[in-house]
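Examination of the molecular architecture
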Amino acid sequence: MLDLKLIRSNPDLVKEAAAKKRVEVDIDRILALDAERRSTLTEVEQLKARRNQASAEVARLKRDGQDPSHIIAEMSQVGDRIKALDERVRQIEAELEELLLQVPNIPDPDVPVGEDESGNVEVKRWGTPRTFDFTPRPHWEIGTALDGLDFERAAKVAGSRFVIMKGGISRLHRALVAWFIDEAVAKGYREVQPGVVVNTASYYGSGQFPKFREDVFSLAGTDYHLSSTAEVPLVNMHRDEILPAEALPIKYVGFSGCFRAEAGAAGRDTRGLVRMHYFEKVELVQFTRPEDSDAALEEMTRHAEELLEKLNIPYRRVLMCTGDLGFTQAKKYDVELWLPSYGRYVEVASCSNCRDFQARRASIRFRPHPKAKPEFVHTLNASGLALPRTVAAILENYQNADGSITVPEVLRPYMGGIDRITN
(Lines give C-alpha, C1' and ligand atoms only; values in the text may rest on other atoms or scores of the structure.)
Protein backbone atom coordinates (compact mmCIF):
# COMPACT_ATOMS: atom_id res chain seq x y z
CA MET A 1 0.00 0.00 0.00
CA LEU A 2 1.23 3.47 -0.83
CA ASP A 3 1.33 6.30 1.67
CA LEU A 4 -1.80 8.44 1.16
CA LYS A 5 0.37 11.52 1.71
CA LEU A 6 2.42 10.50 -1.33
CA ILE A 7 -0.70 10.11 -3.47
CA ARG A 8 -1.95 13.48 -2.26
CA SER A 9 1.32 15.30 -2.86
CA ASN A 10 2.34 13.62 -6.13
CA PRO A 11 -0.73 12.16 -7.85
CA ASP A 12 0.82 12.31 -11.32
CA LEU A 13 3.66 10.02 -10.21
CA VAL A 14 1.16 7.47 -8.88
CA LYS A 15 -1.02 7.68 -12.00
CA GLU A 16 2.02 7.19 -14.20
CA ALA A 17 3.17 4.20 -12.14
CA ALA A 18 -0.24 2.53 -12.38
CA ALA A 19 -0.34 3.13 -16.13
CA LYS A 20 3.14 1.65 -16.57
CA LYS A 21 2.03 -1.45 -14.65
CA ARG A 22 -1.19 -1.60 -16.67
CA VAL A 23 -3.32 -1.34 -13.52
CA GLU A 24 -6.60 0.57 -13.65
CA VAL A 25 -7.35 2.51 -10.49
CA ASP A 26 -9.19 5.82 -10.00
CA ILE A 27 -6.61 8.08 -8.38
CA ASP A 28 -8.85 11.13 -8.80
CA ARG A 29 -11.57 9.37 -6.80
CA ILE A 30 -9.04 8.64 -4.07
CA LEU A 31 -8.07 12.31 -3.94
CA ALA A 32 -11.72 13.41 -3.85
CA LEU A 33 -12.53 11.00 -1.03
CA ASP A 34 -9.44 12.08 0.86
CA ALA A 35 -10.42 15.74 0.56
CA GLU A 36 -14.01 15.03 1.62
CA ARG A 37 -12.82 12.97 4.58
CA ARG A 38 -10.53 15.72 5.82
CA SER A 39 -13.16 18.44 5.43
CA THR A 40 -15.79 16.26 7.12
CA LEU A 41 -13.49 15.51 10.05
CA THR A 42 -12.81 19.23 10.41
CA GLU A 43 -16.54 19.94 10.57
CA VAL A 44 -17.04 17.16 13.12
CA GLU A 45 -14.29 18.58 15.32
CA GLN A 46 -15.84 22.06 15.13
CA LEU A 47 -19.28 20.70 16.02
CA LYS A 48 -17.91 18.73 18.93
CA ALA A 49 -16.11 21.81 20.17
CA ARG A 50 -19.40 23.74 19.95
CA ARG A 51 -21.17 20.93 21.84
CA ASN A 52 -18.58 21.06 24.63
CA GLN A 53 -18.96 24.84 24.82
CA ALA A 54 -22.75 24.50 24.92
CA SER A 55 -22.59 22.00 27.76
CA ALA A 56 -20.75 24.55 29.83
CA GLU A 57 -23.32 27.22 28.89
CA VAL A 58 -26.23 24.95 29.85
CA ALA A 59 -24.63 24.28 33.23
CA ARG A 60 -24.11 28.00 33.81
CA LEU A 61 -27.69 28.91 32.86
CA LYS A 62 -29.11 26.23 35.13
CA ARG A 63 -26.86 27.43 37.93
CA ASP A 64 -28.16 31.00 37.40
CA GLY A 65 -31.77 29.86 37.28
CA GLN A 66 -32.17 30.65 33.58
CA ASP A 67 -33.82 28.60 30.83
CA PRO A 68 -31.28 26.63 28.68
CA SER A 69 -33.90 24.96 26.46
CA HIS A 70 -32.89 26.87 23.33
CA ILE A 71 -29.29 25.65 23.67
CA ILE A 72 -30.43 22.09 24.39
CA ALA A 73 -32.56 22.18 21.20
CA GLU A 74 -29.60 23.46 19.23
CA MET A 75 -27.39 20.70 20.63
CA SER A 76 -29.94 18.08 19.63
CA GLN A 77 -29.54 19.21 16.04
CA VAL A 78 -25.75 19.32 16.45
CA GLY A 79 -25.79 15.77 17.80
CA ASP A 80 -27.79 14.56 14.82
CA ARG A 81 -25.36 16.29 12.46
CA ILE A 82 -22.34 14.75 14.19
CA LYS A 83 -23.93 11.30 13.98
CA ALA A 84 -24.60 11.75 10.25
CA LEU A 85 -21.07 13.01 9.61
CA ASP A 86 -19.50 10.14 11.58
CA GLU A 87 -21.43 7.69 9.43
CA ARG A 88 -20.26 9.48 6.29
CA VAL A 89 -16.65 9.28 7.47
CA ARG A 90 -17.05 5.51 7.94
CA GLN A 91 -18.41 5.20 4.40
CA ILE A 92 -15.60 7.32 2.97
CA GLU A 93 -12.90 5.38 4.81
CA ALA A 94 -14.30 2.03 3.65
CA GLU A 95 -14.35 3.13 0.00
CA LEU A 96 -10.98 4.83 0.35
CA GLU A 97 -9.37 1.70 1.79
CA GLU A 98 -10.84 -0.44 -1.00
CA LEU A 99 -9.38 1.88 -3.62
CA LEU A 100 -6.00 2.22 -1.89
CA LEU A 101 -5.66 -1.58 -1.91
CA GLN A 102 -5.92 -1.45 -5.71
CA VAL A 103 -3.03 1.00 -6.16
CA PRO A 104 0.17 -0.81 -7.25
CA ASN A 105 3.65 -0.16 -5.97
CA ILE A 106 5.73 2.46 -7.78
CA PRO A 107 8.53 1.03 -9.96
CA ASP A 108 12.07 2.08 -9.15
CA PRO A 109 13.56 4.68 -11.50
CA ASP A 110 15.95 2.14 -13.05
CA VAL A 111 13.15 -0.27 -14.00
CA PRO A 112 12.80 -0.25 -17.82
CA VAL A 113 9.48 0.90 -19.27
CA GLY A 114 7.77 -1.77 -21.33
CA GLU A 115 4.33 -3.17 -22.17
CA ASP A 116 5.01 -6.83 -21.46
CA GLU A 117 7.80 -9.42 -21.14
CA SER A 118 9.25 -8.28 -24.45
CA GLY A 119 10.40 -5.15 -22.61
CA ASN A 120 12.44 -7.07 -20.03
CA VAL A 121 16.20 -6.52 -20.12
CA GLU A 122 18.77 -9.30 -19.90
CA VAL A 123 21.39 -8.35 -17.33
CA LYS A 124 23.74 -11.33 -17.48
CA ARG A 125 24.09 -14.83 -18.82
CA TRP A 126 26.04 -17.75 -17.38
CA GLY A 127 26.96 -21.12 -18.82
CA THR A 128 26.67 -22.67 -22.27
CA PRO A 129 23.72 -24.88 -23.20
CA ARG A 130 24.76 -28.50 -23.65
CA THR A 131 25.26 -29.89 -27.13
CA PHE A 132 23.92 -33.47 -27.29
CA ASP A 133 25.40 -36.26 -29.41
CA PHE A 134 21.99 -37.94 -29.42
CA THR A 135 18.43 -36.68 -29.83
CA PRO A 136 17.45 -35.26 -26.42
CA ARG A 137 13.99 -35.77 -25.03
CA PRO A 138 11.76 -33.40 -23.03
CA HIS A 139 11.56 -34.00 -19.30
CA TRP A 140 8.00 -35.31 -19.41
CA GLU A 141 9.08 -38.12 -21.75
CA ILE A 142 12.21 -38.85 -19.73
CA GLY A 143 10.29 -38.97 -16.46
CA THR A 144 7.50 -41.10 -17.86
CA ALA A 145 9.97 -43.59 -19.34
CA LEU A 146 11.65 -43.93 -15.94
CA ASP A 147 8.24 -44.28 -14.26
CA GLY A 148 9.27 -41.30 -12.16
CA LEU A 149 6.75 -38.72 -13.41
CA ASP A 150 3.19 -40.03 -13.48
CA PHE A 151 0.86 -37.46 -15.02
CA GLU A 152 -1.81 -40.00 -15.94
CA ARG A 153 -2.44 -41.25 -12.40
CA ALA A 154 -2.14 -37.70 -11.02
CA ALA A 155 -4.93 -36.67 -13.40
CA LYS A 156 -7.02 -39.59 -12.13
CA VAL A 157 -6.39 -38.63 -8.50
CA ALA A 158 -6.73 -34.85 -8.92
CA GLY A 159 -6.85 -33.49 -12.48
CA SER A 160 -4.70 -31.87 -15.12
CA ARG A 161 -1.55 -29.94 -14.16
CA PHE A 162 -0.73 -32.26 -11.29
CA VAL A 163 2.01 -34.88 -11.11
CA ILE A 164 3.00 -37.83 -8.94
CA MET A 165 6.76 -38.27 -8.54
CA LYS A 166 8.19 -41.70 -7.84
CA GLY A 167 11.48 -43.52 -7.35
CA GLY A 168 14.72 -41.77 -8.16
CA ILE A 169 13.05 -38.61 -9.40
CA SER A 170 11.10 -38.28 -6.16
CA ARG A 171 14.35 -38.73 -4.27
CA LEU A 172 15.99 -36.09 -6.47
CA HIS A 173 13.19 -33.69 -5.58
CA ARG A 174 13.68 -34.38 -1.86
CA ALA A 175 17.44 -33.94 -2.18
CA LEU A 176 16.96 -30.54 -3.82
CA VAL A 177 14.73 -29.39 -0.95
CA ALA A 178 17.29 -30.34 1.68
CA TRP A 179 20.20 -28.86 -0.28
CA PHE A 180 18.38 -25.60 -1.04
CA ILE A 181 17.54 -25.12 2.64
CA ASP A 182 21.05 -26.02 3.80
CA GLU A 183 22.56 -23.53 1.36
CA ALA A 184 20.29 -20.76 2.66
CA VAL A 185 20.91 -21.59 6.31
CA ALA A 186 24.65 -21.42 5.64
CA LYS A 187 24.09 -17.84 4.43
CA GLY A 188 22.36 -16.77 7.63
CA TYR A 189 18.70 -17.56 6.92
CA ARG A 190 16.61 -19.10 9.68
CA GLU A 191 14.67 -22.18 8.62
CA VAL A 192 10.89 -21.95 8.97
CA GLN A 193 8.19 -24.50 8.14
CA PRO A 194 5.32 -22.07 7.47
CA GLY A 195 2.51 -24.41 6.48
CA VAL A 196 0.14 -23.93 3.56
CA VAL A 197 -3.08 -22.52 5.08
CA VAL A 198 -3.39 -18.74 5.53
CA ASN A 199 -6.25 -16.37 6.31
CA THR A 200 -7.66 -13.53 4.27
CA ALA A 201 -5.78 -10.87 6.26
CA SER A 202 -2.50 -12.55 5.30
CA TYR A 203 -3.28 -12.38 1.59
CA TYR A 204 -4.16 -8.70 1.92
CA GLY A 205 -1.02 -8.08 3.97
CA SER A 206 1.32 -9.53 1.35
CA GLY A 207 -0.55 -7.82 -1.50
CA GLN A 208 -2.09 -10.76 -3.39
CA PHE A 209 -5.64 -9.69 -2.44
CA PRO A 210 -7.74 -8.22 -3.86
CA LYS A 211 -6.05 -8.21 -7.29
CA PHE A 212 -5.13 -11.90 -7.57
CA ARG A 213 -7.98 -13.49 -5.63
CA GLU A 214 -9.08 -15.55 -8.65
CA ASP A 215 -5.72 -17.34 -8.66
CA VAL A 216 -6.11 -18.61 -5.09
CA PHE A 217 -7.71 -21.84 -3.92
CA SER A 218 -10.00 -21.08 -0.96
CA LEU A 219 -11.55 -23.43 1.60
CA ALA A 220 -15.32 -23.16 1.25
CA GLY A 221 -17.20 -21.69 4.18
CA THR A 222 -14.07 -20.53 6.00
CA ASP A 223 -11.66 -17.61 6.17
CA TYR A 224 -8.86 -19.95 5.09
CA HIS A 225 -7.02 -20.18 1.79
CA LEU A 226 -4.26 -22.40 0.44
CA SER A 227 -0.99 -20.50 0.17
CA SER A 228 0.24 -19.65 -3.32
CA THR A 229 3.80 -19.18 -2.04
CA ALA A 230 5.63 -19.33 1.30
CA GLU A 231 6.12 -15.58 0.91
CA VAL A 232 2.56 -15.06 2.20
CA PRO A 233 2.93 -16.73 5.63
CA LEU A 234 6.57 -15.68 6.05
CA VAL A 235 5.79 -11.98 5.52
CA ASN A 236 2.70 -12.12 7.73
CA MET A 237 4.50 -13.75 10.62
CA HIS A 238 5.33 -10.20 11.71
CA ARG A 239 2.06 -8.53 10.79
CA ASP A 240 1.10 -5.76 13.27
CA GLU A 241 4.49 -5.89 14.98
CA ILE A 242 7.23 -3.40 15.78
CA LEU A 243 10.48 -5.28 15.23
CA PRO A 244 13.60 -4.55 17.27
CA ALA A 245 16.03 -2.56 15.15
CA GLU A 246 18.96 -4.67 16.30
CA ALA A 247 17.25 -7.79 14.87
CA LEU A 248 17.28 -6.43 11.31
CA PRO A 249 17.81 -7.83 8.81
CA ILE A 250 15.57 -10.78 9.61
CA LYS A 251 16.14 -13.57 7.12
CA TYR A 252 13.83 -16.57 6.71
CA VAL A 253 13.98 -19.59 4.43
CA GLY A 254 10.74 -21.52 4.16
CA PHE A 255 9.71 -24.64 2.28
CA SER A 256 6.06 -25.19 1.43
CA GLY A 257 3.59 -26.31 -1.13
CA CYS A 258 2.21 -23.69 -3.52
CA PHE A 259 -1.36 -23.84 -4.81
CA ARG A 260 -2.29 -21.79 -7.88
CA ALA A 261 -5.40 -21.80 -10.02
CA GLU A 262 -3.40 -20.38 -12.95
CA ALA A 263 -6.60 -18.62 -14.00
CA GLY A 264 -4.79 -16.36 -16.43
CA ALA A 265 -2.59 -19.03 -17.99
CA ALA A 266 -5.03 -21.08 -20.06
CA GLY A 267 -3.23 -22.99 -22.80
CA ARG A 268 0.27 -22.02 -21.64
CA ASP A 269 2.97 -24.62 -20.90
CA THR A 270 0.41 -27.40 -20.58
CA ARG A 271 2.92 -30.27 -20.78
CA GLY A 272 5.37 -31.26 -18.10
CA LEU A 273 6.35 -29.55 -14.88
CA VAL A 274 6.59 -25.91 -15.89
CA ARG A 275 3.10 -24.71 -14.94
CA MET A 276 1.33 -26.70 -12.23
CA HIS A 277 -1.68 -26.19 -9.97
CA TYR A 278 0.44 -27.53 -7.11
CA PHE A 279 4.19 -27.43 -6.72
CA GLU A 280 6.76 -26.98 -3.99
CA LYS A 281 9.27 -24.22 -3.54
CA VAL A 282 11.95 -22.98 -1.19
CA GLU A 283 11.41 -19.28 -0.53
CA LEU A 284 13.64 -16.59 0.95
CA VAL A 285 12.18 -13.56 2.75
CA GLN A 286 14.00 -10.62 4.31
CA PHE A 287 12.90 -7.72 6.51
CA THR A 288 15.44 -4.90 6.30
CA ARG A 289 16.04 -1.26 7.11
CA PRO A 290 15.03 0.90 4.13
CA GLU A 291 18.62 1.87 3.33
CA ASP A 292 19.66 -1.80 3.13
CA SER A 293 17.04 -3.23 0.78
CA ASP A 294 18.85 -2.50 -2.50
CA ALA A 295 21.87 -4.52 -1.38
CA ALA A 296 19.59 -7.25 -0.04
CA LEU A 297 17.94 -7.66 -3.45
CA GLU A 298 21.31 -8.16 -5.13
CA GLU A 299 22.33 -10.62 -2.41
CA MET A 300 19.15 -12.69 -2.76
CA THR A 301 19.35 -12.75 -6.54
CA ARG A 302 22.96 -13.84 -6.38
CA HIS A 303 21.97 -16.68 -4.04
CA ALA A 304 19.59 -18.07 -6.68
CA GLU A 305 22.28 -17.78 -9.34
CA GLU A 306 24.85 -19.58 -7.20
CA LEU A 307 22.51 -22.54 -6.78
CA LEU A 308 22.26 -22.93 -10.56
CA GLU A 309 26.01 -22.49 -10.96
CA LYS A 310 26.64 -25.30 -8.45
CA LEU A 311 24.15 -27.43 -10.39
CA ASN A 312 25.97 -26.40 -13.60
CA ILE A 313 22.73 -25.39 -15.29
CA PRO A 314 22.98 -22.41 -17.69
CA TYR A 315 20.91 -19.40 -16.71
CA ARG A 316 20.34 -15.74 -17.33
CA ARG A 317 19.26 -12.83 -15.11
CA VAL A 318 16.51 -10.55 -16.41
CA LEU A 319 15.41 -7.16 -15.07
CA MET A 320 11.63 -6.97 -15.34
CA CYS A 321 10.08 -4.01 -17.15
CA THR A 322 7.15 -2.02 -15.78
CA GLY A 323 4.54 -3.96 -17.76
CA ASP A 324 5.81 -7.31 -16.45
CA LEU A 325 6.51 -6.13 -12.91
CA GLY A 326 4.27 -7.51 -10.20
CA PHE A 327 1.65 -5.50 -8.33
CA THR A 328 3.61 -5.34 -5.06
CA GLN A 329 7.11 -4.97 -6.47
CA ALA A 330 9.26 -1.90 -6.94
CA LYS A 331 11.99 -3.89 -8.66
CA LYS A 332 12.33 -7.52 -9.67
CA TYR A 333 14.85 -9.80 -11.25
CA ASP A 334 13.91 -13.13 -12.76
CA VAL A 335 16.56 -15.83 -12.86
CA GLU A 336 15.80 -18.15 -15.77
CA LEU A 337 17.33 -21.59 -16.33
CA TRP A 338 17.98 -23.23 -19.68
CA LEU A 339 15.38 -25.83 -20.66
CA PRO A 340 16.43 -27.70 -23.83
CA SER A 341 12.92 -28.91 -24.70
CA TYR A 342 11.72 -25.31 -24.84
CA GLY A 343 14.85 -24.06 -26.57
CA ARG A 344 14.80 -21.05 -24.28
CA TYR A 345 15.30 -19.86 -20.71
CA VAL A 346 12.47 -20.44 -18.22
CA GLU A 347 11.97 -18.54 -14.95
CA VAL A 348 12.92 -20.51 -11.85
CA ALA A 349 13.40 -17.67 -9.35
CA SER A 350 11.74 -14.30 -8.92
CA CYS A 351 13.68 -11.93 -6.67
CA SER A 352 11.76 -8.86 -5.58
CA ASN A 353 12.15 -5.70 -3.53
CA CYS A 354 8.72 -4.55 -2.34
CA ARG A 355 10.18 -1.67 -0.32
CA ASP A 356 7.61 -0.57 2.32
CA PHE A 357 4.57 -1.56 0.21
CA GLN A 358 3.80 -4.84 1.99
CA ALA A 359 4.93 -3.46 5.36
CA ARG A 360 2.31 -0.68 5.14
CA ARG A 361 -0.44 -3.18 4.34
CA ALA A 362 0.67 -5.55 7.09
CA SER A 363 1.81 -2.83 9.56
CA ILE A 364 5.34 -4.15 10.06
CA ARG A 365 7.59 -1.49 11.59
CA PHE A 366 10.79 -0.91 13.54
CA ARG A 367 12.25 1.89 15.65
CA PRO A 368 15.54 3.23 14.23
CA HIS A 369 16.38 4.34 17.78
CA PRO A 370 14.78 3.41 21.13
CA LYS A 371 12.83 6.70 21.39
CA ALA A 372 12.26 7.17 17.66
CA LYS A 373 8.90 7.05 15.91
CA PRO A 374 8.31 3.62 14.32
CA GLU A 375 9.09 3.37 10.60
CA PHE A 376 8.08 0.74 8.07
CA VAL A 377 10.59 -1.97 7.22
CA HIS A 378 11.32 -3.03 3.66
CA THR A 379 10.35 -6.56 2.64
CA LEU A 380 12.01 -8.70 -0.01
CA ASN A 381 11.38 -12.19 -1.32
CA ALA A 382 13.14 -14.57 -3.68
CA SER A 383 12.74 -18.14 -4.85
CA GLY A 384 15.48 -20.36 -3.67
CA LEU A 385 14.39 -22.25 -5.91
CA ALA A 386 11.12 -23.52 -7.44
CA LEU A 387 11.34 -27.32 -7.37
CA PRO A 388 9.48 -28.66 -10.44
CA ARG A 389 11.32 -26.45 -12.93
CA THR A 390 14.65 -27.31 -11.31
CA VAL A 391 13.80 -31.01 -11.55
CA ALA A 392 12.78 -30.54 -15.20
CA ALA A 393 16.06 -28.78 -15.98
CA ILE A 394 18.13 -31.52 -14.33
CA LEU A 395 16.27 -34.25 -16.21
CA GLU A 396 16.83 -32.50 -19.55
CA ASN A 397 20.34 -31.14 -19.07
CA TYR A 398 21.70 -34.29 -17.38
CA GLN A 399 19.97 -36.90 -19.54
CA ASN A 400 21.95 -39.73 -21.09
CA ALA A 401 21.45 -41.61 -24.34
CA ASP A 402 20.34 -44.74 -22.45
CA GLY A 403 17.51 -42.84 -20.74
CA SER A 404 19.22 -42.52 -17.37
CA ILE A 405 19.91 -39.25 -15.55
CA THR A 406 23.30 -38.28 -14.16
CA VAL A 407 22.93 -36.83 -10.67
CA PRO A 408 24.65 -33.43 -10.25
CA GLU A 409 27.67 -33.79 -7.98
CA VAL A 410 26.40 -31.39 -5.31
CA LEU A 411 23.30 -33.53 -4.82
CA ARG A 412 24.98 -36.92 -4.52
CA PRO A 413 25.59 -36.65 -0.74
CA TYR A 414 21.85 -36.01 -0.38
CA MET A 415 21.03 -39.11 -2.43
CA GLY A 416 23.14 -41.65 -0.59
CA GLY A 417 26.00 -41.38 -3.07
CA ILE A 418 23.86 -42.35 -6.07
CA ASP A 419 25.34 -40.87 -9.24
CA ARG A 420 22.72 -41.99 -11.74
CA ILE A 421 18.92 -42.32 -11.79
CA THR A 422 17.77 -45.37 -13.71
CA ASN A 423 14.35 -45.97 -12.20
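Quick note: structure is the one above.
Residues numbered from 1 in each chain as written. Predicted model: local features only at pLDDT ≥ 70, side-chain atom pairs only at ≥ 80, totals over all residues. Heavy atoms only, no water.

Here we look at the packing of aromatic side chains
- For the structure shown, the criterion picks out nine aromatic pairs.
- A ring pair is formed by Trp 338 and Tyr 345, whose centres lie 5.0 Å apart and whose planes are at 65 degrees; its orientation type is edge-to-face. We note that Trp 338, like Tyr 345, is buried.
- Clustering of aromatic rings is evident, with ring pairs tying together Tyr 203, Tyr 204 and Phe 209.
- Between Lys 251 and the ring centre of Tyr 189, over which it is positioned, the NZ or CZ distance is 5.6 Å.
- In this structure, Arg 317 packs its charged tip against the face of Tyr 333, placed 4.6 Å from the ring centre. (Phe/Tyr/Trp six-rings, centres within 6.5 Å; stacked < 30°, edge-to-face > 60°. Buried < 20%, exposed > 50% of the residue type's maximum accessible area, 1.4 Å probe, protein only. Lys NZ or Arg CZ within 6 Å of the ring centre and 35° of its normal.)

Let's talk about the pairing of strand β11 (residues 331-339)
- Counting buried residues along β11, nine of its nine residues qualify, which places the element largely inside the surrounding structure.
- Relative to β11, strand β10 (residues 315-319) runs antiparallel, the two sharing five bridges. Among the inter-strand pairings, Arg 316 is bridged to a residue of β11, identified as Glu 336.
- Both β11 and strand β12 (residues 344-353) contribute to a ladder of nine bridges, which runs antiparallel. Within β12, the residue paired with Tyr 333 across the bridge is Cys 351.
- Between β11 and β12, which follow one another and run antiparallel, lie four residues, and Gly 343 among them has a positive phi close to 65 degrees. (Helix = DSSP H or I, 4+ residues; strand = E, 2+ residues; numbered from the N terminus. Pairing = 2+ DSSP bridges.)

Remarks on the nonpolar core
- In terms of nonpolar packing, the biggest core is built from 53 residues, with Leu 172, Leu 176 and Ile 394 touching the most fellow members.
- Here the element with the most residues in this core is helix α7 (residues 167-186); it accounts for nine residues.
- Contact partners of Leu 176, with chain neighbours within four places excluded, come to Leu 311, Leu 387, Thr 390, Val 391, Ile 394 and Leu 411. (Core = buried A, V, L, I, M, F, W, Y, C linked by side-chain atoms within 4.5 Å. Contact = heavy atoms within 4.5 Å.)

Looking at unusual backbone geometry
- Of note, the bond from Phe 209 into Pro 210 is cis; its omega dihedral lies within 30 degrees of zero at 5 degrees.
- You can see Pro 210 is positioned in the loop between α8 (200-206) and β6 (224-226).
- Here the bond from Leu 248 into Pro 249 is cis, since omega is 0 degrees, no more than 30 degrees from zero.
- Along the chain, Pro 249 falls in the loop between β7 (241-243) and β8 (250-259).
- The phi dihedral of Asp 147 is positive, around 55 degrees, even though this residue is not glycine.
- For Asp 147, the position within the fold is in the loop between α5 (139-145) and β2 (149-150).
- Residue class for Asp 147 comes out partly exposed when judged on its relative accessible area of 46%.
- You will see that Arg 355, though not glycine, has its phi angle at about 50 degrees, which is positive.
- Its location among the elements puts Arg 355 in the loop between β12 and α11 (357-362).
- Owing to a relative accessible area of 18%, Arg 355 belongs among the buried residues under this scheme.

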